[in-house]
Amino acid sequence: MPFPKADKIWLDGRIVDWDEATVHVLTPTLHYGYGVFEGIRAYPTDDGPAVFRLREHVERLLRSARLYPPLDTVPYTADDLCEVIVGLIRVNGHAKGCYIRPTIILGYGEIGLNPLPSTPQTIVASWEWGAYLGEDSLINGVRLMISSYRRIGKNTIPPAGKANGQYLNSSLAKVDALRAGYDEAIMLSEDGYVAEGTGENLFVVADGIIRTPPLSDGPLDGITRASVMRIARDLGIEVVETSLVRTDLYLADEVFLTGTAAELTPVREIDGREIGPRGPVTEAVQTAYLDAVRGRIPAYRDWLTVVDVT
Ligand code: PPE
């Protein structure tokens, strides 16, 4: 996806021009994938653009960093990073909202597999990003393929962290799915349970109940996942965290994906089996989610950090 460039990027305390935000070719994270990142969205609201669950994303970034020393020696607190993100949105003037990508990497200066002598470097970028899985995906849904690549295991690369290198696994699965003519891949855990999409959590609806894999089956502890579970329960729908196998997907009444980038995307087909057009439960939860992020539901207003871009 080419970038709809913004004006500025925040690079370790400095605001620099988009095209000047570069790192050295021997930056260790480029070679070994040892870094952590976040994906955050801001949406337009009546009061101006608002970041969705900013604090939770920043705290997850710092938790990820704790799994990957010395990234945890980053000299910024959660408050600092929230302030940086709000400041960047203001500088870039994203009145219509944006996607925000903070990253903590190993700065240039050391090479080799020992990350400990390196100094963390923090980057925050933002740009305007449309629908992640295609323009009509939010209404018409997407087609999924169960990947023959297994999701990285708990004792290989911990799914509890959002590390750059972990996305090798996602991209391998994604390439196969795209080349087979699908829109996205679903990955199973080492022991054969449904884990998640390449960059999304997954939910199935059957008999009016929503089910999603527990964190012990290896999905990321998605912030959209948690938000959607809360919204669905508030709508009076039962939500259960339970292990799922592939046939639970094939036999589901409805399936949908959630993620900051993917928002809430319906699934219309899996492995050539029709699931169907966006169903009533998916539509109800999706509508409430898309209203919540735009500040239209008072009960969820405290999830938003409004940014004054005037
Ligand atoms: N699982 C994975 C593997 C994942 O990467 C994401 C986010 C999620 C689940 C959903 O988590 P959350 O955003 O907290 O609800 N994926 C991010 C990166 C996407 C990308 O292509 O880059 C995102 O959605 O921002």
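Parameters and conventions
Residues numbered from 1 in each chain as written. Predicted model: local features only at pLDDT ≥ 70, side-chain atom pairs only at ≥ 80, totals over all residues. Heavy atoms only, no water. Helix = DSSP H or I, 4+ residues; strand = E, 2+ residues; numbered from the N terminus. Buried < 20%, exposed > 50% of the residue type's maximum accessible area, 1.4 Å probe, protein only. Polar contact = N/O pair within 3.5 Å; in protein donor to acceptor, adjacent residues only side chain to side chain. Contact = heavy atoms within 4.5 Å. Pairing = 2+ DSSP bridges. Near = heavy atom within 4 Å. Areas by Shrake-Rupley, 256 points an atom, 1.4 Å probe, with all protein chains shown as cover. Nonpolar A, V, L, I, M, F, W, Y, C, P; charged D, E, K, R; others polar. Domains from an automatic or database assignment. Buried area = accessible area lost by both parts, 1.4 Å probe. Salt bridge = Lys/Arg side-chain N within 4 Å of Asp/Glu carboxyl O. Core = buried A, V, L, I, M, F, W, Y, C linked by side-chain atoms within 4.5 Å.

## Considering the side chain of Ser227
Link 1 in the chain: Within the fold, Ser227 resides in helix H6 (residues 223-234).
Link 2 in the chain: Residue classification places Ser227 among the buried residues on the basis of a relative accessible area of 0%.
Link 3 in the chain: Polar side-chain contacts of Ser227 include one of 2.9 Å to the side chain of Arg53.
Link 4 in the chain: Setting aside residues no more than four positions away along its own chain, Ser227 makes contact with Phe52, Arg53 and Trp303.

## Concerning the pairing of strand E7 (residues 120-127)
Link 1 in the chain: Burial analysis of E7 places eight of its eight residues in the buried class, the great majority of the element.
Link 2 in the chain: The side-chain alternation of E7 yields two buried faces, one formed by Pro120, Thr122, Val124 and Ser126 and the other by Gln121, Ile123, Ala125 and Trp127.
Link 3 in the chain: With two bridges connecting them, strand E1 (residues 8-11) and E7 associate as antiparallel partners. Residue pairing for E7: Leu11 is matched across the bridge by Ile123.

## Some points on the site of the ligand
Link 1 in the chain: Close to the ligand lie 21 residues, the nearest being Tyr99, Tyr132, Tyr167, Glu196 and Thr224.
Link 2 in the chain: Contact distances for the ligand include 2.6 Å between an oxygen atom and a side-chain N or O atom of Thr260.
Link 3 in the chain: Isolated, the ligand exposes 550 Å² of accessible area, and the fraction of that covered by the protein chains is 93%.
Link 4 in the chain: Contributing elements (two or more residues each) for the shell around the ligand: strand E6 (98-106), H6 and strand E14 (254-259).
Link 5 in the chain: Class assignment of the residues belonging to the shell around the ligand gives a composition of six nonpolar, nine polar and six charged.

## So, the domain arrangement of the protein
Put simply, an interface is often sized by how much accessible area is lost when its parts join up.
Link 1 in the chain: Each domain of the protein was delimited in the assignment, giving domain 1 (8-127) and domain 2 (137-293).
Link 2 in the chain: Taking only C-alpha atoms, the centre of domain 1 and the centre of domain 2 are 26 Å apart.
Link 3 in the chain: Between domain 1 and domain 2, the contact holds 21 residues from the first and 20 residues from the second.
Link 4 in the chain: Across the interface of domain 1 and domain 2, roughly 1,800 Å² is buried in total on both sides, 60% from carbon and sulfur atoms.
Link 5 in the chain: The three residues of domain 1 that bury the most area against domain 2 are Phe37, Phe52 and Arg60, which together make up 33% of that side's buried surface.
Link 6 in the chain: In this assembly, domain 1 and domain 2 are joined by zero salt bridges.
Link 7 in the chain: For the pair domain 1 and domain 2, the number of links is eleven residue pairs in polar contact (both at pLDDT 80 or more).
Link 8 in the chain: Tallying contributions element by element places helix H2 (residues 54-67) first for the side of domain 1 that touches domain 2, with five residues.

## Here's the deal with the nonpolar core
Link 1 in the chain: Counting residues in hydrophobic clusters, the biggest one holds 29 residues, and the most contacted among them are Val51, Leu54, Val58, Ile85, Ile89 and Ile100.
Link 2 in the chain: The element that contributes the greatest number of residues to this core is helix H3 (residues 78-92), accounting for eight residues.
Link 3 in the chain: Among all residues touching Ile89, those that are not within four sequence positions of it are Ala42, Val51, His94, Cys98, Ile100, Val307 and Val309.
Link 4 in the chain: Core analysis: the second largest hydrophobic core is formed by 24 residues, Val205, Phe256, Tyr289 and Ala292 among them.

## Overview of the pattern of salt bridges
Link 1 in the chain: Counted according to the given criterion, the structure contains 14 salt bridges.
Link 2 in the chain: For Asp17, the salt bridge is made with Lys8, and the minimal N-O distance between the two is 2.4 Å.
Link 3 in the chain: Among the residues examined, Lys8 registers a relative accessible area of 25% and is labelled partly exposed.
Link 4 in the chain: Residue Arg278 is joined to Glu283 by a salt bridge in which the shortest nitrogen-to-oxygen separation is 3.8 Å.
Link 5 in the chain: The class of Arg278 is partly exposed, set by a relative accessible area of 26%.

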